[in-house]
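# Understanding the architecture of this molecule
Here is how the chains run, residue by residue.
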Amino acid sequence: MSYKLGLLLSFPFLISVMLFCGDLSIVEAVHAELDSLAQTVAIKISQSGVLTQSLREYVTAAGATISCEGGCNGQLGDILTFTLAREHKPIVISSEPFFITVTRSTVIGYYA
């Protein structure tokens, strides 16, 4: 009989742990997707030398925003640092949305 009471009392804890793990897995999946997108963007920036409008549209279509540190233009051999961000509304971790960001650098002309 007491095991039933223990099981009933442990359900709220079990449910909250499952929701927290679900939140963490979603955050990890979004971060992995942003990391993959950042690799593609880094290669395209390195080939073209600048952050083009079509590349901005590509990032926006993937559901992220892009920003550059310094300027988005450079010369051959310069290092361009950019940040991809996506807003995420968690279930349990926080009561308000937060941004998941990935910051990467690329050398202009490296993949040319």
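Below or above, wherever it landed, is the structure these notes cover.

What counts and what doesn't
Each residue is numbered by its place in its chain's sequence as written, counting from 1. Since the coordinates come from a predicted model, pLDDT governs what is reported: local features require at least 70, and pairs of side-chain atoms require 80 or more to be given and counted, while whole-chain, interface and lining totals use all residues. With hydrogens and water stripped out, all remaining heavy atoms of the structure feed into the side-chain values. Under the scheme used here, helices are H or I runs from DSSP no shorter than 4 residues and strands are E runs no shorter than 2 residues, and both carry numbers assigned from the N terminus. The reference for a compact globule is 2.2 Å times residues^0.38; the radius of gyration itself is calculated from the C-alpha atoms. Any N or O atom pair separated by 3.5 Å or less is treated as a polar contact, with the protein-specific requirement of one donor-capable and one acceptor-capable atom, and with residues adjacent in sequence counted only for side-chain atom pairs. Contacts are assigned to residue pairs that have any heavy atoms within 4.5 Å of one another. Salt bridge, as applied in this entry: a Lys or Arg side-chain nitrogen positioned within 4 Å of an Asp or Glu carboxyl oxygen. Only protein chains enter the area calculation, which uses a 1.4 Å probe; residues under 20% of their type maximum are buried, those over 50% are exposed, and those in between are partly exposed. The criterion for an aromatic pair is that two Phe, Tyr or Trp rings (for Trp, the six-membered ring) have centres within 6.5 Å, with stacked assigned to planes under 30 degrees apart, edge-to-face to planes over 60 apart and tilted to the rest. Throughout this description, the term charge over a ring refers to an Arg CZ or Lys NZ atom that lies within 6 Å of the ring centre and within 35 degrees of the ring normal. Nonpolar core, defined: a set of buried Ala, Val, Leu, Ile, Met, Phe, Trp, Tyr and Cys residues in which side-chain atoms within 4.5 Å join the residues together. Helix span, as expected, comes to 1.5 Å for every residue beyond the first. Bend, at a single residue, is the angle you get between axes fitted to the 7 residues ending at that residue and the 7 residues starting at it.

A word on the overall build of the protein. Regarding its fold elements, the protein presents 2 helices and 3 strands. Along its sequence from the N terminus, the protein presents helices and strands in the succession α-α-β-β-β. In summary, the protein has a C-alpha radius of gyration of 21 Å against a globular reference of 13 Å for 112 residues, an excess of more than 25%. For the protein, the C-alpha atoms occupy an extent of roughly 75 × 25 × 20 Å along the three principal directions.

Another aspect to go through is the side chain of Thr81. You can see Thr81 is positioned in strand S2 (residues 79–88). A distance of 3.1 Å separates a polar atom in the side chain of Thr81 from a polar atom in the side chain of Ser105. With residues near it in sequence (within four places) discarded, Thr81 still touches Ser67, Cys68, Glu69, Thr103, Arg104 and Ser105.

Right, let's talk about the pattern of salt bridges for a bit. Opposite charge on two side chains makes pairing possible when the charged atoms of those side chains draw close. This model, assessed by the stated rule, comprises 2 salt bridges. One salt bridge in this structure joins Asp35 and Arg104, with 2.5 Å as the shortest N-O distance. Of this pair, Asp35 sits in helix H1 (residues 2–48) while Arg104 sits in strand S3 (residues 98–107), and the two are 69 residues apart along the sequence. Taking relative accessible area as the criterion, Asp35 reaches 31% and is therefore assigned partly exposed. Taking the relative accessible area as the measure of exposure, Arg104 reaches 30% and is therefore partly exposed.

Attention shifts here to the environment of Gln47. Mapped onto the secondary structure, Gln47 falls in helix H1. For Gln47, a relative accessible area of 49% translates into the label partly exposed. Measuring from C-alpha to C-alpha, the distance between Gln47 and Val107 comes to 9.4 Å, with 60 residues separating the pair along the chain.

Okay, the packing of aromatic side chains next. Scanning the model with the defined rule gives 0 aromatic pairs in all. Note that Lys44 overlies the ring of Tyr58, its terminal NZ or CZ placed 4.4 Å from the centroid.

Turning next to the nonpolar core. Ranked by internal contacts, the top residues of the largest apolar core, which has 21 residues, are Val41, Phe82 and Leu84. At the level of secondary structure, the elements contributing two or more residues to this core comprise H1, helix H2 (53–61), strand S1 (65–68), S2 and S3. It is H1 that contributes the most residues to this core, 8 residues altogether. Ignoring sequence-local partners within four residues, the contact set of Leu84 consists of Leu34, Leu37, Ala38, Val59, Thr65, Ile66, Ile100, Thr101 and Val102.

Next up on the list: H1. Look at H1: 69 Å from first C-alpha to last across 47 residues, which is about the 69 Å you get at 1.5 Å a residue. Along H1, the helix axis deviates most sharply at Phe11, where the bend reaches about 35°; the proline Pro12 sits within four residues downstream. For H1, the full list of buried residues reads Asp23, Val27, Val30, Leu34, Leu37, Ala38, Val41, Ala42, Ile45 and Ser46. On its buried face, H1 sits against H2, S1, S2 and S3. Trailing H1 by a residue or two, Gly49 shows a phi angle of about 90°, which is positive.

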